[in-house]
Amino acid sequence: RLSRYQLWVLLAAWLGWGFDVFDALLFNYVSRICVPDLLGLDPAAANTRAQTVFWTSIFTSMLLVGWAGGGILFGMLADRIGRVKTLQYTMLVYAVATAACALAPNLWVLMVFRFIASLGIDPQAISQALAAQNAIAPPGSVETKDSAVSLRVTGQLDSLAAVEGLLLRAGGQTIRLGDIARV
């Protein structure tokens, strides 16, 4: 059974992930209005739909590249200054760049602001996922004379069978804890 604190962490991580996904999908919903407007296209023109689909796909691809770049950039920063400060920076980057999107006078400026905002999304989701996971159980390892086996509990172990069925990865092989230890 999860504690009250663990439930709050899980809720916060779920909400953070949900808002990140909402942000990613929101542009797809408003693009049929904003893309023609920012490009100065007539909404009734024959090629407007094709242009809207084209630019929406460019924006979506750019968002995914930004997520990956942000994960790498802010991941390296987290190694240097810690997760808490990095999370604060990612939220600041995301908030400022998202607010700047509202002031974009054309599609190119909007693209720059959306890319910068996307840099700040992924590490936030990663930090929330790590916080949720660590609230359940911290990672650890079992060291033997020959090797060390990393352990990470990914859910609630509420029965003897669940503990016996815990999968371990060692030496390139996956084994059940019950196969190598008496539980």
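Each remark here, short or long, concerns the structure printed above.
Scope of this entry: the structure provided in the associated data block. (Residues numbered from 1 in each chain as written. Predicted model: local features only at pLDDT ≥ 70, side-chain atom pairs only at ≥ 80, totals over all residues. Heavy atoms only, no water.)

## Let's talk about the overall build of the chain
Okay, step 1: Scanning the chain from N- to C-terminus turns up seven helices and four strands.
Okay, step 2: For the chain, the succession of helices and strands along the chain, N to C, is α-α-α-α-α-β-β-α-β-β-α.
Okay, step 3: Relative to its full complement of 183 residues, the chain shows a buried share of 27%.
Okay, step 4: When contacts within the chain are restricted to residue pairs at least 6 apart in sequence, those whose partners lie at least 24 apart make up 50%.
Okay, step 5: Put simply, the chain shows about 12100 Å² of open surface, and 65% of that area lies on carbon and sulfur atoms. (Helix = DSSP H or I, 4+ residues; strand = E, 2+ residues; numbered from the N terminus. Buried < 20%, exposed > 50% of the residue type's maximum accessible area, 1.4 Å probe, protein only. Contact = heavy atoms within 4.5 Å. Areas by Shrake-Rupley, 256 points an atom, 1.4 Å probe, with all protein chains shown as cover.)

## Brief notes about the packing of aromatic side chains
Okay, step 1: Following the criterion strictly, the structure yields three aromatic pairs and no others.
Okay, step 2: Seen from their ring centres, Phe-27 and Phe-59 are 4.5 Å apart, and the 25 degrees between their planes marks the pair as stacked. Remark: Phe-59 occurs in helix α2 (residues 48-81) and Phe-27 occurs in helix α1 (residues 4-39); sequence separation between them is 32 residues.
Okay, step 3: Note on Phe-59: relative accessible area 3%, which makes it buried.
Okay, step 4: With centroids separated by 5.1 Å and ring planes inclined at 85 degrees, the aromatic side chains of Trp-55 and Trp-108 adopt a geometry described as edge-to-face. Linking Trp-55 in helix α2 with Trp-108 in helix α4 (residues 107-119), this pair joins segments that are 53 residues apart in sequence.
Okay, step 5: A residue is classified by how much of its surface remains accessible, and Trp-108, at 53% relative accessible area, is exposed. (Phe/Tyr/Trp six-rings, centres within 6.5 Å; stacked < 30°, edge-to-face > 60°.)

## Remarks on the nonpolar core
Okay, step 1: Counting twelve residues, the largest nonpolar core consists of Phe-27, Cys-34, Val-35, Leu-38, Trp-55, Phe-59, Met-62, Cys-101, Ala-104, Leu-107, Leu-110 and Met-111.
Okay, step 2: Broken down by secondary-structure element, the contributors of at least two residues to this core are α1, α2 and α4.
Okay, step 3: For this core, the leading source of residues is α1, giving four residues.
Okay, step 4: Excluding residues within four positions of it along the chain, Val-35 makes contact with Phe-27, Gln-51, Thr-52, Trp-55, Thr-56 and Leu-107. (Core = buried A, V, L, I, M, F, W, Y, C linked by side-chain atoms within 4.5 Å.)

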